[in-house]
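Listed here are the chains, written in short residue letters.
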Amino acid sequence: MTATVPVLTIDGPSGSGKGTISRAVAQQLGWHYLDSGALYRAVGVAAGWADLDLDDGGALVRCTFDTTIAFDESGDELRVLVNGHDATDELRTETAGAAASAIAAIPEVRAALKDRQRAFRVAPGLVADGRDMGTVIFPDAGWKVFLTASAEERADRRYKQLKNKGVSVTMDGLLREILARDARDANRAVAPLRPAEDAVRIDTTGQGIEAVVERVLALLPARNV
Ligand SMILES: Nc1ncnc2c1ncn2[C@@H]1O[C@H](COP(=O)(O)OP(=O)(O)OP(=O)(O)O)[C@@H](O)[C@H]1O
Ligand SMILES: Nc1ccn([C@H]2C[C@H](O)[C@@H](COP(=O)(O)O)O2)c(=O)n1
C-alpha cells in the first residue's frame with residue numbers, strides 16, 4: 001500500500017535549494033528521492049532532439065508519452081537517461097529549464113507524468129522536490145516544506161554554480177531568467193507554483209545549506225519514521 005509510505009515534499013521556485021536540500025535530507029533518512037523537475041526537463045530535452053515546436057501542444061503530449069526516463073543512482077551523482085541516452089548535463093542547462101517550464105504549463109503533459117511521479121513512493125520513504133509535490137502529486141504527504149529565497153540570492157547561487165562549471169553567464173541575464181520562470185510557473189492555470197496550505201515555509205536567504213537541512217529534518221519528529 002503506497003499511501004502508507006511516508007513522504008516529505010519540498011516545493012519552491014528555481015534556485016531556492018530544493019534539489020540540494022532534498023538530496024541531503026533523503027540521504028540522512030535513507031529514503032528515496034524524486035527530482036520531479038528532471039521529468040519535465042527530460043521531456044523538454046527530448047522535444048528539442050525531435051525538433052518539436054514548443055507551441056505544438058499535441059506533439060509535446062505525444063512526446064511525453066513516448067519519452068523513456070530512467071534514473072541511475074549507482075554512482076556518486078544521480079544520472080538521468082532520456083530515451084536511453086545519459087542526458088544529465090544537458091538537463092541542467094538554462095535552456096532545458098526554460099523548455100521544461102513552458103511544457104509544464106500543458107495540462108495533458110502534467111497528467112501524463114502524474115503516475116510516473118507517484119511510482120517513486122516506495123518504502124522506506126520518499127523526499128519529493130518540485131512545484132506541486134505538496135499540492136497535487138502527494139497532497140497526503142506527512143510533511144510539506146516550501147523553500148524560498150530572494151530572487152537576487154537565487155540568481156547569485158545559480159551564477160556561482162554555472163561559473164564553477166565553466167559556463168559563461170551574467171548576473172543580469174540569470175536574474176531575468178529566474179524572474180521569467182517564477183512568473184510562468186506561478187501564473188499557469190494548472191498546478192501553479194504555490195505553497196500547500198499545510199506547508200512549512202522556510203526562507204533560505206542568507207542561510208547555509210547545513211542550517212536548512214537541519215531545519216527540515218527537525219520537522220520530522222522521529223527521524224526514522
Ligand atoms: N541554503 C543555501 N545557501 C547557499 N547556496 C545554496 C543553498 N541551497 C542551495 N544552494 C546552492 O544553490 C544552487 C542551486 O540549488 P538547487 O539546484 O538545489 O536549487 P533548486 O531549487 O533545486 O533549483 P532548480 O529548481 O532550478 O532545479 C546550488 O549550487 C546549491 O549548492
Ligand atoms: N513538480 C514540478 C517540477 C518542475 N516543473 C517545471 C517548472 C520548472 O520551471 C521546470 C524545471 O524544474 P526544476 O528542475 O527547475 O525544478 O519544470 C513543474 O511544473 N512541476
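Keep in mind that what you see is a predicted model, and the values were worked out from it rather than measured. (Residues numbered from 1 in each chain as written. Chains lettered and ligands numbered in written order. Predicted model: local features only at pLDDT ≥ 70, side-chain atom pairs only at ≥ 80, totals over all residues. Heavy atoms only, no water.)

Chemist: Report on the overall build of the chain, specifying residues and quantitative values.
Modeler: The number of helices and strands found in the chain is 10 helices and eight strands. Its C-alpha radius of gyration of 17 Å places the chain within 12% of the 17 Å reference for a compact globule of 225 residues. For the chain, the spread of C-alpha atoms along the three principal axes comes to 50 × 40 × 35 Å. Evaluated residue by residue, the chain yields a buried proportion of 47% over its 225 residues. In the chain, 73% of the contacts between residues at least 6 apart in sequence involve partners at least 24 apart. Charged side chains of the chain number 27 positive and 32 negative; the gap between the two group centres comes to 3 Å. (Helix = DSSP H or I, 4+ residues; strand = E, 2+ residues; numbered from the N terminus. Rg over C-alpha atoms; globule rule 2.2 N^0.38 Å. Buried < 20%, exposed > 50% of the residue type's maximum accessible area, 1.4 Å probe, protein only. Contact = heavy atoms within 4.5 Å. Lys, Arg positive; Asp, Glu negative; His and termini not counted. Charge placed at Lys NZ, Arg CZ, Asp CG, Glu CD.)

Chemist: Pulling in residues and values, what's your account of the sheet that holds strand β7 (residues 143-148)?
Modeler: Strands sit in the order β2-β6-β1-β7-β8 across an open sheet of five strands; the sheet is parallel. The two strands at the open ends of the sheet, each matched to only one other strand, are β2 (32-35) and β8 (200-203). Sheet twist, expressed as the average angle between the axes of neighbouring strands with direction ignored, equals 20°. The sheet contact formed by β2 and strand β6 (residues 126-130) spans four bridges and is parallel. Bridge pairing links Leu34 to Ala128 in β6. Running at roughly 180° to β6, helix α1 (residues 18-29) makes contact with β1 (7-11), β2, β6 and β7 of the sheet. (Pairing = 2+ DSSP bridges. Axes fitted to C-alpha atoms, helices over the stretch in contact; angles between N-to-C directions.)

Chemist: Outline the site of ligand 1, listing residues and values.
Modeler: Among the 19 residues in the neighbourhood of ligand 1, the closest are listed as Lys18, Gly19, Thr20, Arg158 and Gln207. Contact between ligand 1 and Lys18: an oxygen atom at 2.6 Å from a side-chain N or O atom of the residue. Between ligand 1 and Arg158 there is a distance of 2.5 Å, counted from an oxygen atom to a side-chain nitrogen or oxygen. Alone, ligand 1 offers 630 Å² of accessible surface; in the complex the protein occludes 83% of this. When grouped by side-chain class, the residues that make up the shell around ligand 1 number three nonpolar, nine polar and seven charged. (Near = heavy atom within 4 Å. Polar contact = N/O pair within 3.5 Å; in protein donor to acceptor, adjacent residues only side chain to side chain. Areas by Shrake-Rupley, 256 points an atom, 1.4 Å probe, with all protein chains shown as cover. Nonpolar A, V, L, I, M, F, W, Y, C, P; charged D, E, K, R; others polar.)

Chemist: Help me get a handle on the nonpolar core, residues and values and all.
Modeler: Ranked by size, the top nonpolar core spans 31 residues in total, and within it Leu34, Val82, Leu91, Val109 and Phe138 carry the most contacts. Contributing elements (two or more residues each) for this core: α2 (36-49), α3 (57-66), β4 (79-82), α5 (94-103), α6 (107-118), β6 and α7 (133-137). Considering each element in turn, this core owes the most residues, eight residues, to α2. With 18 residues, the next largest nonpolar core counts Ile21, Leu29, Val127 and Ile202 among its residues. (Core = buried A, V, L, I, M, F, W, Y, C linked by side-chain atoms within 4.5 Å.)

Chemist: So, the pattern of salt bridges: which residues are in play, and what are the values?
Modeler: A complete count under the given rule lists 12 salt bridges for this structure. We note a salt bridge from Asp132 to Arg110, for which the minimum N-O separation is 2.9 Å. On the criterion of sequence distance, the pair formed by Asp132 in the loop between β6 and α7 and Arg110 in helix α6 is long-range, its members being 22 residues apart. Here Asp132 and Arg110 have matching classes, each one buried. Between Asp185 and Arg188 there is a salt bridge; the shortest N-O distance is 3.7 Å. We note that Asp185, like Arg188, is buried. Members of the salt-bridge network, linked through shared partners, are Glu77, Arg79 and Asp86. (Salt bridge = Lys/Arg side-chain N within 4 Å of Asp/Glu carboxyl O.)

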